[in-house]
Amino acid sequence: MPLTFLLFVKMPKGRGAAAFGVFMEKKKTRIAVFCSGGGTNLQALLDAEKSGVIQSGKICLVLANSRSAYALERAKGANVPTAVVTRRETGSQEAFEAEILRILREYGIELIVLAGFMSILSENFTSKYPKRIINIHPSLIPSFCGKGFYGLHVHEAALAYGVKVTGATVHFVNEIPDGGQIILQKAVKVHRGDTPEKLQRRVMEQAEWKILPKACEQVSREIAKKGETYERIQNQ
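Residues numbered from 1 in each chain as written. Predicted model: local features only at pLDDT ≥ 70, side-chain atom pairs only at ≥ 80, totals over all residues. Heavy atoms only, no water.

With respect to unusual backbone geometry
Consideration 1: Along the chain, Ile-141 connects to Pro-142 via a cis peptide bond; the corresponding omega equals 20°.
Consideration 2: Note on placement: Pro-142 falls in the loop between strand S5 (133–137) and helix H7 (152–161).
Consideration 3: Non-glycine residue Phe-144 carries a positive phi angle of around 50°.
Consideration 4: By the secondary structure assignment, Phe-144 is in the loop between S5 and H7.
Consideration 5: The class for Phe-144 is buried, based on a relative accessible area of 15%.
Consideration 6: With a phi angle near 60°, Asp-178 is a residue other than glycine that sits in the positive phi range.
Consideration 7: You can see Asp-178 is positioned in the loop between strand S6 (165–172) and strand S7 (182–189). (Helix = DSSP H or I, 4+ residues; strand = E, 2+ residues; numbered from the N terminus. Buried < 20%, exposed > 50% of the residue type's maximum accessible area, 1.4 Å probe, protein only.)

What about the layout of surface pockets?
Consideration 1: Size it by volume and the largest pocket reaches roughly 1000 Å³.
Consideration 2: For the largest pocket, the lining is made up of 41 residues, of which Gly-116, Phe-117, Met-118, Asn-135 and Tyr-150 are closest to its centre.
Consideration 3: Counting only elements with at least two residues in the lining of the largest pocket, the list comes to helix H2 (40–51), helix H6 (123–126), S5, S6 and helix H8 (196–226).
Consideration 4: Here the lining of the largest pocket is composed, by residue class, of 16 nonpolar, 20 polar and five charged.
Consideration 5: Each pocket or cavity is described by its volume, and for the second largest pocket that value is around 430 Å³.
Consideration 6: In this structure, the second largest pocket is lined by 17 residues; those nearest its centre are Ile-109, Glu-110, Arg-132, Glu-228 and Ile-233.
Consideration 7: Of the residues belonging to the lining of the second largest pocket, the class tally is six nonpolar, four polar and seven charged. (1 Å grid on protein atoms, 1.4 Å probe; cavity = no way out; pocket = protein on both sides within 12 Å on 5 of 7 lines; lining within 4 Å. Points joined across faces, edges and corners; volume = space filled by probe spheres on them. Nonpolar A, V, L, I, M, F, W, Y, C, P; charged D, E, K, R; others polar.)

Some thoughts on the packing of H7 against H8
The axes of two packed helices give the description: the angle between them and the distance between them.
Consideration 1: H8 packs onto H7 with a crossing angle of 110° between their chain directions and a minimal axis gap of 9 Å. One element, H7, and the other, H8, form an angle in the roughly perpendicular class. The handedness of the crossing between H7 and H8 is right-handed. In this structure, H7 uses Leu-152, His-155, Glu-156, Ala-158 and Leu-159 to contact H8, whose residues at the interface are Pro-196, Glu-197, Leu-199, Gln-200 and Val-203.
Consideration 2: Looking at the contact of H7 with H8 residue by residue, the class counts come to six nonpolar, two polar and two charged. (Axes fitted to C-alpha atoms, helices over the stretch in contact; angles between N-to-C directions. Parallel < 35°, antiparallel > 145°, perpendicular 65-115°, else oblique. Left-handed = near helix turned anticlockwise from the far one by under 90°. Contact = heavy atoms within 4.5 Å.)

What follows is the structure, given as structure tokens:
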């Protein structure tokens, strides 16, 4: 009569259980999405993960720098853990970033996606995640980018200059505002009679919501594939 052996594994509790589950299934890159407002780009990422556009990564955390950010509600609706860190409550830029870094360590985050995150991150922060922080910018970099170019200001500048084509860019984040290596770009036509609001909406729908999930998958796949040979995290 054959002998049957049973292997009992003590399952970890809490967040450790989540990490154990990730270990037992195909390794996916652990993603944190940083937001400040409504979270429309976050929603595009959540939808992309659900539909399979993002296969190599898993959104494990949504972090906001405002307690009123609607992005937090979107995350809760998708059963994604959330965290809020504000500069006012932490008291300084150094303390603000230190608390974010602590939370990232706690969740084992490997890739950060800035999706409408309106706080500047210092070189001390960005250098800890080399080629592991990506950002979406609503223009075709190097046009209308850098200090002061955010939100509607970008589209106001594009219309004032009279460009016929604008778009969006996903790039790696470094110490230079909008200065990191470009990952993906998509062009969008400017229409006669456009207002900054109309142009902003078209750029989001035709470019941002399409290339951000694709870039997220592209970088997640590289991190998962290369493992320890990819750029190392310095947040220990």
